[in-house]
Amino acid sequence: MDWSQFDWLINLALSMQLSIAVLVIVSIGLAVVFGMMGIINLAHGEFLMLGAYATLACVRAGINLWLSMGIAAFVVGIFGLVVEQLLIRHLYGRLADSMLATWGLSLIMAQVMVLIFGPSTQGIATPLGSINIGAYSVSGYSFVLIAAAVVLLAIVYWVFTRTPYGVMARAAMQMPGMAAAVGINPKLINAGTFAFGAALAGVGGALLAPLVGVMPSMGQAYIARAFMTVIVGGPGVISGTASSAVLLGGMENVVSYLSTPFFGQGALLVLAIVLLRVLPTGISGRWQRQL
Amino acid sequence: MSRKFMKGALAALLMAASLGAAAADKKPIVVGSILDETGPLNIYGTAMVDATKLAIKQINENGGVLGRQLKLVSYDAQSDNAKYTLYANQLSLKDKAVVIMGGITSASREAVRPVINRNKTLYFYNEQYEGGVCDKNVFATGIVPSQQVAPTVAWAMKNLGKKFYILAADYNYGHISTDWVKKYVAQAAGQVVGSEFIPLDVAEFSSVITKLQEAKPDVVFSLLVGGNHIAFYRQFVASGLRDKMKIVSATFGLGNEQVVLAPEESKDIVAVYPYFQEIDTPANKQFVAMWHKEFGKDYAYITDSAVTVWNGWHLWANAVGKAGSTGREKVIKALESGISFDGPSGTVTIDGPSHHVYQNTHFARANDKHGFTVLGGEKNVPPAFEKKMCDLIKKPNQHTQFLPETK
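As the structure is a prediction and not an experimental result, all values here were calculated from the model.

Q: How should the overall build of chain B be read in this particular structure?
A: When its secondary structure is counted, chain B shows 14 helices and 16 strands. Against the 2.2 N^0.38 benchmark of 22 Å for 407 residues, chain B shows a C-alpha radius of gyration of 23 Å, consistent with a compact globule. Out of the 407 residues belonging to chain B, those deemed buried represent 54%. Of the contacts formed within chain B by residues at least 6 apart in sequence, a portion of 73% connects residues at least 24 apart.

Below is the structure:
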């Protein structure tokens, strides 16, 4: 294989990995909340948006971009904790009610952002410049996003397998009664899990901020994709999200490349429908793994 | 009851009636506006809403229209076309607005058009668009492809190269405008090496950027629309493509893209509109000063869309003054007589038969100060295609849109 074909292949692979990484980044927070708590957070898109705005505000205040992203995760995590205390904890086990309440929350959040930051799109310039690969050039920030997706998955894995909280959270999810009997406080665990999911959404929004325009309605552009990724992925928070992001993101990118982004989106939807028809409980539904 | 009393009562009644009529004359004239103040399209809508408010305020301060004040009823369509249908109905049936201005995307205009035709209401569409609308009740004051795409293609052919790649928003505006770009490129003996339609909710352009790198065009012609698509310009520069190809656009700047993006992300992009805030004329300096007085010195940028709205309201007010009535048919007749208005970009004159406008156009390149550097311009450019296809004076009962013929 000569070099001219090789750089084409690398570039295509990177472009695919970027699409997959974006899906992982926007859906991992939702996956944690859905997988560990069975709550469908319809305000997830707005949590992303909040993370993006927090990053924007920090950067405007002169704080370093990467530090701003960390602050954004913290801010959205705290916000998630507040939301859990005021709203979510009253709605456990009531799926339809929690969906309705979080949907209402999403509308409120978007409108409050319009009031605070104005309706205009704002932005942060993409850092890191570009890197040449043969005849192609690729944005340096793409590598950050791809790495961030892997790191986020690793963090979630570590938290749920290596920390006392994670073990308790899984115990509370599998057998709530037994977990309570051995002294695990489910209220505390749930609050922690929701805040963790929110913080992940905050990082997601923060990572998107330098890639796209930041605006109050930006959550809507991602919420459908995030849901599809999580539902197709099934109950396995990490294995499910990762595998469905690879399938859906890869499919969308390849079809977009071969035809147009319109058909790319269509292909993603069709694949999601087919997968759910064949595997109604999601890709990880029949796997023995919990994560 | 005496006959005398009856007479007196009748006289009093008549007097009361005529007094009532006089009071009715002084009642404000209701006018309507529908624009997207929220959602992804507000990047255009915000400045257009401000222009609407300022235009109404100025007309009222100068004594109103026909001695009566204007009362603006405005709705936020929230970037949702269904809301345009709803509010257009509401404005003409419930609020009884004598004129409706608004619509940003061509999809929203097409949502309003059937409604105002059914309700027989006068409608102004004040935005750059793909051209060709030929409708007795509709006046389009924005720049059209013969005034915009044609000179942009000619400039790009001369200065950048012959190979074009078109990126367009995936709805009627993008599709029809893509046909226009193809047509003008073919006429200029250039070559279109690819074209893509991008749904409005796509903000991730890595596959498009890969394809651009393969097609290696000299010029990327952008017909991208809305807040999500701003991401393209950012990702284009982040991927290092600016050194390999240049962007020209028929939409860049209308949504203040040059303000949202960092200067190094938007510099070099070339666009053609009637209005740029930097136009160096006394009329524009006065306009900008007035705008800043109203909305503050730190106002981001006065867009071409905002000025098109401004022109629309003043053209209508001038026509009502000439007609001596706010009645739809009389106002349309006055507008068709070739009403003009001296706006910030120069004189804008209605072309009676086509319901479009003659106007000055300017060429500019995004600079490193979140604004544009004006490179040149043309005076009093006719809406050539609409003039050729559409004659609403000879054939008034048309409600259609002419499209470019494609092979």
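Now that the structure is up, let's keep going.
Q: In this structure, what is going on with the overall build of chain A? I would like to understand it.
A: Broken down by element type, chain A carries 11 helices and two strands. Along chain A, helices (α) and strands (β) appear in the sequence α-α-α-α-β-β-α-α-α-α-α-α-α when read from the amino end. In terms of overall dimensions, chain A is globule-like: its C-alpha atoms have a radius of gyration of 19 Å, near the 19 Å expected for 291 residues. Each principal axis of the C-alpha atoms in chain A carries an extent, and together these give about 65 × 45 × 35 Å. Counting every position in chain A, which comprises 291 residues, the buried fraction comes to 55%. Within chain A, residue pairs in contact and separated by at least 24 positions form 76% of the contacts whose partners lie at least 6 positions apart.

Q: What exactly am I supposed to notice about the interface of chain B and chain A here?
A: Where the parts come together, the accessible area they lose is often given as the size of the interface. Tallying the contact residues gives 36 residues for chain B and 34 residues for chain A. Where the side of chain B that touches chain A is concerned, the elements lending two or more residues are helix 2 (42-61), strand 8 (191-198), helix 7 (206-215) and helix 8 (230-238) of chain B. It is helix 7 of chain B that provides the largest number of residues to the side of chain B that touches chain A, a total of six residues.

Q: It is not clear to me how the confidence of the model for chain B should be interpreted in this structure. Could you clarify?
A: All names here are of chain B. Overall, the predicted model of chain B reaches an average pLDDT of 87, with 93% of residues at or above 70. In this model residues 15-24 is a low-confidence stretch, pLDDT under 50, and it forms zero contacts with partners more than four residues away in sequence or in other chains. In the predicted complex, the global pTM is 0.78; the interface-specific ipTM is 0.70.

Q: Hey, could you run me through the sheet that holds strand 1 (residues 29-35) of chain B in this one?
A: Hydrogen bonds between backbone groups are what pair the strands of a sheet, and the pairing can be parallel or antiparallel. Residue and element names in this part refer to chain B. Strand order in the open sheet formed by five strands is 2-1-3-4-6, with parallel pairing between adjacent strands. Every other strand in the sheet has two partners, leaving strand 2 (70-76) and strand 6 (138-140) as the edge strands with one partner each. Taken pair by pair, the neighbouring strands of this sheet meet at an average axis angle of 20°, ignoring direction. In this fold helix 3 (residues 81-94) packs onto strand 1, strand 2 and strand 3 (99-102), with an angle of close to 180° to the strand it touches most, strand 1.

Q: Just to check I follow, could you spell out helix 5 (residues 149-159) of chain B for this structure?
A: In an α-helix, one turn spans 3.6 residues; hence positions three or four apart end up facing the same way. All names here are of chain B. For helix 5, the full list of buried residues reads Val149, Ala150, Thr152, Val153 and Ala156. Buried residues of helix 5 fall within an arc of 165° about the axis and therefore sit on the same side. Along helix 5, the residues that are exposed and aim more than 90 degrees away from the buried face are Lys158 and Asn159. Buried positions along helix 5 lie against helix 6 (172-187), strand 9 (219-223), strand 10 (246-249) and strand 11 (270-273).

Q: Looking at this structure, I do not really get the environment of Leu35 of chain B. What am I missing?
A: All names here are of chain B. Structurally, Leu35 can be placed in strand 1. Residue Leu35 is classed as buried on the basis of its 29 C-beta neighbours within 10 Å. The spatial distance from the C-alpha of Leu35 to the C-alpha of Ala334 is 26 Å, given a sequence separation of 299 residues. Once residues lying within four places of it in the same chain are set aside, the contact partners of Leu35 are Gly45, Met48, Val49, Ala77, Gly102 and Ile104.

Q: Looking at this structure, how should I read the packing of helix 2 of chain B against helix 12 (residues 304-323) of chain B?
A: Axis angle and axis distance: for two packed helices, these are the angle between their axes and the distance between the axes, and together they describe the pair. Residues and elements named next belong to chain B. Here helix 2 crosses helix 12 at 30°, and the two axes come no closer than 8 Å. When the axes of helix 2 and helix 12 are compared, the pair comes out roughly parallel. Taken as a pair, helix 2 and helix 12 cross one another with a handedness that is right-handed. Here Tyr44, Ala47, Met48, Asp50, Ala51, Thr52, Ala55, Ile56 and Ile59 of helix 2 lie close against helix 12, whose contacting residues are Ser305, Ala306, Val307, Val309, Trp310, Trp313, His314 and Ala317. Of the residues assigned to the contact of helix 2 with helix 12, the class counts are 13 nonpolar, three polar and one charged.

Q: So what exactly am I meant to see when it comes to the environment of Ser266 of chain B here?
A: Position of Ser266 of chain B among the secondary structure elements: in helix 10 (residues 263-266). Those residues in contact with Ser266 of chain B that lie beyond four places of it in its chain are Tyr233, Glu257, Gln258, Leu261 and Ala366 of chain B.

Q: Quick question: what am I supposed to make of the environment of Thr373 of chain B here?
A: Residues and elements named next belong to chain B. Relative to the helices and strands, Thr373 resides in strand 15 (residues 372-381). Using a count of 14 C-beta atoms within 10 Å as the deciding quantity, one classes Thr373 as partly exposed. Along the chain, Thr373 and Gln277 lie 96 residues apart, while their C-alpha atoms are 9.7 Å from each other. Setting aside residues no more than four positions away along its own chain, Thr373 makes contact with Glu278, Ala364, Arg365 and Asn367.

Q: Can you help me understand helix 4 (residues 95-117) of chain A in this one?
A: Residue and element names in this part refer to chain A. With 23 residues, helix 4 ought to run about 33 Å at 1.5 Å a step, and its terminal C-alpha atoms sit 32 Å apart, in line with that. For helix 4, the full list of buried residues reads Ser98, Ala101, Thr102, Ser106, Met109, Ala110 and Met113. At the exit of helix 4 stands Gly118, carrying a positive phi of roughly 80°.

Q: What should I look at first to understand unusual backbone geometry in this one?
A: As a rule of thumb, non-glycine residues mostly have phi less than zero, and peptide bonds are mostly trans rather than cis. All names here are of chain B. Phi is positive for Gln78, close to 55°, though the residue is something other than glycine. Structurally, Gln78 can be placed in the loop between strand 2 and helix 3. Despite not being glycine, Lys216 has its phi angle at roughly 50°, a positive value. Topologically, Lys216 is positioned in the loop between helix 7 and strand 9.

The rules behind the values
Residues numbered from 1 in each chain as written. Chains lettered and ligands numbered in written order. Predicted model: local features only at pLDDT ≥ 70, side-chain atom pairs only at ≥ 80, totals over all residues. Helix = DSSP H or I, 4+ residues; strand = E, 2+ residues; numbered from the N terminus. Rg over C-alpha atoms; globule rule 2.2 N^0.38 Å. Buried ≥ 20, exposed ≤ 12 C-beta atoms within 10 Å, placed from the backbone. Contact = placed C-beta atoms within 7 Å. pLDDT = per-residue confidence, 0-100. Pairing = 2+ DSSP bridges. Axes fitted to C-alpha atoms, helices over the stretch in contact; angles between N-to-C directions. Arc of directions from axis to C-beta. Parallel < 35°, antiparallel > 145°, perpendicular 65-115°, else oblique. Left-handed = near helix turned anticlockwise from the far one by under 90°. Nonpolar A, V, L, I, M, F, W, Y, C, P; charged D, E, K, R; others polar. Expected span 1.5 Å × (residues − 1).

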